[in-house]
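# Working through the structure, step by step
Here is how the chains run, residue by residue.
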Amino acid sequence: EDKVVQSPLSLVVHEGDTVTLNCSYEVTNFRSLLWYKQEKKAPTFLFMLTSSGIEKKSGRLSSILDKKELSSILNITATQTGDSAIYLCAVPSNSGYALNFGKGTSLLVTP
Amino acid sequence: NAGVMQNPRHLVRRRGQEARLRCSPMKGHSHVYWYRQLPEEGLKFMVYLQKENIIDESGMPKERFSAEFPKEGPSILRIQQVVRGDSAAYFCASSPNSQSEAFFGQGTRLTVV
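Predicted model only: the values in this text are computed from it and were never measured.

A separate point is the sheet that holds strand β8 (residues 71–76) of chain A. The pairing of strands in a sheet comes from backbone hydrogen bonds and takes either a parallel or an antiparallel form. Residue and element names in this part refer to chain A. Read from one edge of the open sheet, five strands run β1-β3-β8-β7-β6, paired in antiparallel fashion. In this open sheet, the two strands that pair with only one neighbour each are β1 (3–7) and β6 (56–58). Neighbouring strand axes in the sheet, compared pairwise and without regard to direction, differ in orientation by 15° on average. Across six bridges, the pairing between strand β3 (residues 19–26) and β8 is antiparallel. Bridge pairing in β8 places Cys23 opposite Ser72.

Spelled out as structure tokens, the structure:
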């Protein structure tokens, strides 16, 4: 059965800290891994990773995939209170249609 | 280009009533996905539709739940005879094809009283 596990489940940091969120997966036919940020409502798309070792970057956020280790990390540098959210990792199922989501990492950035 | 639009944002139904949740995908997107998020749970896939076709409904409960995506108009997720356990946030996502990233709507929070 496909599985996506995120760690830690929750994290509290101070503004300015750097955080690393982890996602590991087990899937029959790997195609890609996606990161989303969920604040109060809609998950918003962050990154889609398909190739191992190639870092994707957007401002203070970056992510990289390690296919050998079946995992990905999401880094946030110089955190701000606006980064407080649940960060979701997802991997398409074997059918390719459904996204299997992890339970998320709840990040709280305190002033 | 408006994002994925869902309505209503909040819906309260009494047990036994019907709930209808609507989703208009992003312009140019013909693939629609419905997910359910229960309290303290992750997002769970329910159904995947293309225009006029249900492609994968493996995540949908066999009874009381149905979905459609007509040629004209929004996708509808319909829940008949709602029960308390149906209370959840229901998210719709759309993509231009099955290989691209999906973009999510704001969700409909259903409360069954």
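It is worth spelling out the environment of Thr105 of chain A at this point. Residue and element names in this part refer to chain A. Take Thr105: it is sitting in strand β11 (residues 105–110). In this structure Thr105 comes out as buried when scored by relative accessible area, which is 0%. Setting aside residues up to four positions removed in sequence, Thr105 forms contacts with Gln6, Ser7, Pro8, Leu9, Leu21, Ala85, Ile86 and Tyr87. A polar atom in the side chain of Thr105 sits 2.5 Å from the backbone oxygen of Pro8.

The rules behind these values
- Residues numbered from 1 in each chain as written.
- Chains lettered and ligands numbered in written order.
- Predicted model: local features only at pLDDT ≥ 70, side-chain atom pairs only at ≥ 80, totals over all residues.
- Heavy atoms only, no water.
- Pairing = 2+ DSSP bridges.
- Helix = DSSP H or I, 4+ residues; strand = E, 2+ residues; numbered from the N terminus.
- Axes fitted to C-alpha atoms, helices over the stretch in contact; angles between N-to-C directions.
- Buried < 20%, exposed > 50% of the residue type's maximum accessible area, 1.4 Å probe, protein only.
- Contact = heavy atoms within 4.5 Å.
- Polar contact = N/O pair within 3.5 Å; in protein donor to acceptor, adjacent residues only side chain to side chain.

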